[in-house]
Structure formats: C-alpha cells, structure tokens
Amino acid sequence: MTAPLYPAKPRPGDRVAVLSPSSGLPGLFPLPYELGLRRLRDDFGLEAVEYELTPASAYRDVDRPWEEPRTFETEPDMEPAEGWSWHNADRVVEGAGWGGSLETLSWLLMADRTVQPAVSYSGNVLFLETSEEMPGAQEVYRILRSMGERGLLKEFPALLMGRAKSWSFDNPLTAPEKAHFRSQQREAVLRALHEYAPDTMAVFDIELGHTDPQVVIPVGGRIRVDGPARRVVVTY
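Residue positions are counted from 1 within each chain, in the order its sequence is given. Totals for whole chains, interfaces and linings use every residue, but because this is a predicted model, local features are given only for residues with pLDDT of at least 70 and side-chain atom pairs only at 80 or more, for both listing and counting. Calculation of side-chain values draws on the structure's entire complement of heavy atoms; hydrogens and water are dropped beforehand.

1. Considering the pattern of salt bridges
Phase 1: By salt bridge we mean one thing: a side-chain nitrogen of Lys or Arg within 4 Å of a carboxyl oxygen of Asp or Glu. Under the criterion given, the structure shown has 13 salt bridges.
Phase 2: One salt bridge connects arginine 150 with aspartate 112, and the closest N-O pair in it is separated by 3.0 Å. Taken together, the positions of arginine 150 in the loop between helix H4 (137-149) and strand S7 (158-162) and aspartate 112 in the loop between helix H3 (102-111) and strand S6 (125-129) put the pair 38 residues apart, joining distant regions of the chain.
Phase 3: The partly exposed category is assigned to arginine 150, whose relative accessible area is 36%.
Phase 4: Salt bridges sharing common partners tie together Arg60, Asp63, Lys165 and Asp212. Under the scheme used here, helices are H or I runs from DSSP no shorter than 4 residues and strands are E runs no shorter than 2 residues, and both carry numbers assigned from the N terminus. Any residue under 20% of the maximum accessible area for its type is buried, any over 50% is exposed, and the rest in between are partly exposed; the area is computed with a 1.4 Å probe on protein chains only.

Dropping the structure here:
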C-alpha cells in the first residue's frame, strides 16, 4: 500500500470547500445542510493531532425525518451504549487504515476496481461498517468470506468494526430486536475471522459507522490499536 501524504492542515479562519459530490441533497434537505454549515463555522477549531477514540456512553441510530423542521429544533434522543468489545486483544498493532462501507467494498471487489493485491495491505488496520440498508448477518459473513478467499482478511492484523446500524424507516426494529441484530452481525464477523484470519485482533462497536456519534477515519492514516490498554489512536 502506498505511503500516505499528509497535506497542510486547515486552521481556524481558513476557507474550506463544502461539496455535495454524490447528489444535490442540500437542495432537497436544506435544514441539515445549514446545520452543518453552522457547526463548521461555530464549533470547529481544526489542528492536526493524534485523536484517541473512546467508547461513547450513548449512541443513536433511530432517525428522524429531515423534512420536518422540528427535527432540528432539539437534540436527538440517545440510548445507552454498551461500549466496545475486544477480540484477541493481547497485542499492539499499528499501521495505515484501509476500509469503509462493507457493502461498497464488496462492489469494488466484484468490479475489481481500486483494490490492490492482498499483500499490499499487509500489516495495515482494516476498518469496516454497514449502512442504513442493514445487511443481514449472513450477507455480512458472505462478503467477509469472499475477502478471506481473496486472501485479504489475513493481511490485516487488526480490524475496527463500526457499530451496526440497526434501525431504519423501512425496518424499525424494537430495542430487543436491535440488540439481536447487532449480536448476530458480531457473530458473523467472528465466524469469518475464525475461518480466514484467526490471529486478527478485532474491536467491535467503534463509533465510525452510520450511527451517532460518528468519527471520521482517514484512509491511509496511521491507526494504533493497543489491545492490552484497550486504546485506539488515529493520526489525522
């Protein structure tokens, strides 16, 4: 994997571009767009730091309608978070981060686009999350199985798995159903690791996916996963 190049970091007062490359959602939903602009303007003083990820005490994955003004008048309801779950946490791993949406990654693998030979990722940290489309545990296992058959999984000595999105407008699960959904996904990931990467360390329910709060993980950024200390540090 090519070593990352870090550009100069923005500082308070710098101008930044705000883009919508995938679609014109600001026109359809101006309220969250304007909220984001206010937070960029009022809340962020940016600098390059090592950012230690910490387990959130509360999270949210139940959405509210973006077209409703009342959605943006109050903070969203949160629910208690269970913390992170560790697997094979007896070592320290440090390497470049690579990954993203599990579903999107599966499409890239099927199209044979942008994914380098498996050995190129040796020693790096894999990070994955599933989307609001809520793929089932069997689908998650099958995607990871395909990555294992391709020789990818065994090249990553550590995996960060984002907290699974377990509610959507099309599939509004109850609290017990949500807990079962997340548990089944975790077991599917562990099954694939057991079969294809038994020595890989894994951390589950990291705040990097489709639930709130969200932490942006830079592709190519250095990630240090310290199993004995139960710490994850990301360089931006």
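Past the structure itself, the notes keep going.
2. A short note on the packing of H3 against H4
Phase 1: As a packed pair, H3 and H4 sit with axes 10 Å apart at the nearest point and diverge in direction by 45°. As far as their axial angle goes, H4 and H3 are oblique. Our pair here, H3 against H4, has a crossing hand that is left-handed. Every residue of H4 that contacts H3 at Leu102, Leu105, Ser106 and Leu109 is listed here: Val140, Ile143, Leu144 and Met147.
Phase 2: Classification used: nonpolar for Ala, Val, Leu, Ile, Met, Phe, Trp, Tyr, Cys and Pro, charged for Asp, Glu, Lys and Arg, polar for all others including Gly. Residue composition of the contact of H3 with H4, by class: seven nonpolar, one polar and no charged. Note on geometry: axes are C-alpha line fits, over the in-contact stretch for helices, and angles between N-to-C directions span 0 to 180 degrees. Working rule for angles: under 35 degrees goes down as roughly parallel, over 145 as roughly antiparallel, 65 to 115 as roughly perpendicular, anything else as oblique. Left-handed describes a crossing whose near helix is turned anticlockwise from the far helix by less than a right angle; the clockwise case is right-handed. Any two residues whose heavy atoms approach within 4.5 Å at even a single point are treated as in contact.

3. Brief notes about helix H5 (residues 175-196)
Phase 1: Its 22 residues place the ends of H5 32 Å apart at the C-alpha level, agreeing with the 32 Å of an ideal helix rising 1.5 Å per residue.
Phase 2: Among the residues making up H5, those that are buried are Lys178, Phe181, Arg182, Gln185, Arg186, Ala188, Val189, Ala192, Leu193 and Tyr196. What you see down the axis of H5 is that its buried residues fit within an arc of 155°, all on one side. When the buried face of H5 is taken as reference, the exposed residues oriented beyond 90 degrees from it are Pro176, His180 and His194. Helices are assigned an expected span. That span is 1.5 Å times one less than the residue count. Note that the arc is defined by the directions from the helix axis to the C-beta atoms.

4. A closer look at the packing of aromatic side chains
Phase 1: Here the aromatic set is Phe, Tyr and Trp, taking the six-membered ring for Trp, and pairing holds for ring centres within 6.5 Å; pairs whose planes are under 30 degrees apart are stacked, those over 60 apart are edge-to-face, and all others are tilted. Enumeration according to the criterion identifies five aromatic pairs in this entry.
Phase 2: Judged by centre distance (5.8 Å) and plane angle (10°), the ring pair of tryptophan 98 and phenylalanine 156 falls under stacked. Here the residue tryptophan 98 occupies a position in strand S5 (residues 92-101), and phenylalanine 156 occupies one in the loop between H4 and S7, the gap between them amounting to 58 residues.
Phase 3: A relative accessible area of 9% means that tryptophan 98 is categorised as buried.
Phase 4: Among the residues examined, phenylalanine 156 registers a relative accessible area of 1% and is labelled buried.
Phase 5: The interplanar angle of 70° and the centroid separation of 5.2 Å between the aromatic rings of tryptophan 167 and phenylalanine 169 together place this pair among those described as edge-to-face.
Phase 6: Judged by relative accessible area, tryptophan 167 falls into the buried class, the value being 11%.
Phase 7: Judged by relative accessible area, which is 52%, phenylalanine 169 ranks as exposed.
Phase 8: An aromatic cluster of three or more residues is present, and its members are Trp98, Tyr121 and Phe156.
Phase 9: We note arginine 163 situated over the ring of tyrosine 59; from NZ or CZ to the ring centre the distance is 4.7 Å. We call a charge positioned over a ring when the NZ of a Lys or the CZ of an Arg lies within 6 Å of the ring centre and within 35 degrees of the ring normal.

5. Describing the pairing of strand S8 (residues 201-206)
Phase 1: Extensive coverage of S8 is indicated by the burial of six of its six residues.
Phase 2: Two strands qualify as a pair provided DSSP detects at least 2 bridges between them. Sheet topology places S7 next to S8; five bridges connect them, and they run parallel. Within S8, the position partnered with glycine 162 by the bridge is isoleucine 206.
Phase 3: Following the backbone out of S7, through H5 and into the adjacent parallel S8, one traces a crossover that is right-handed. For crossovers, right-handed means that the path from the first strand over the helix to the second runs clockwise, given strands pointing away from the viewer.

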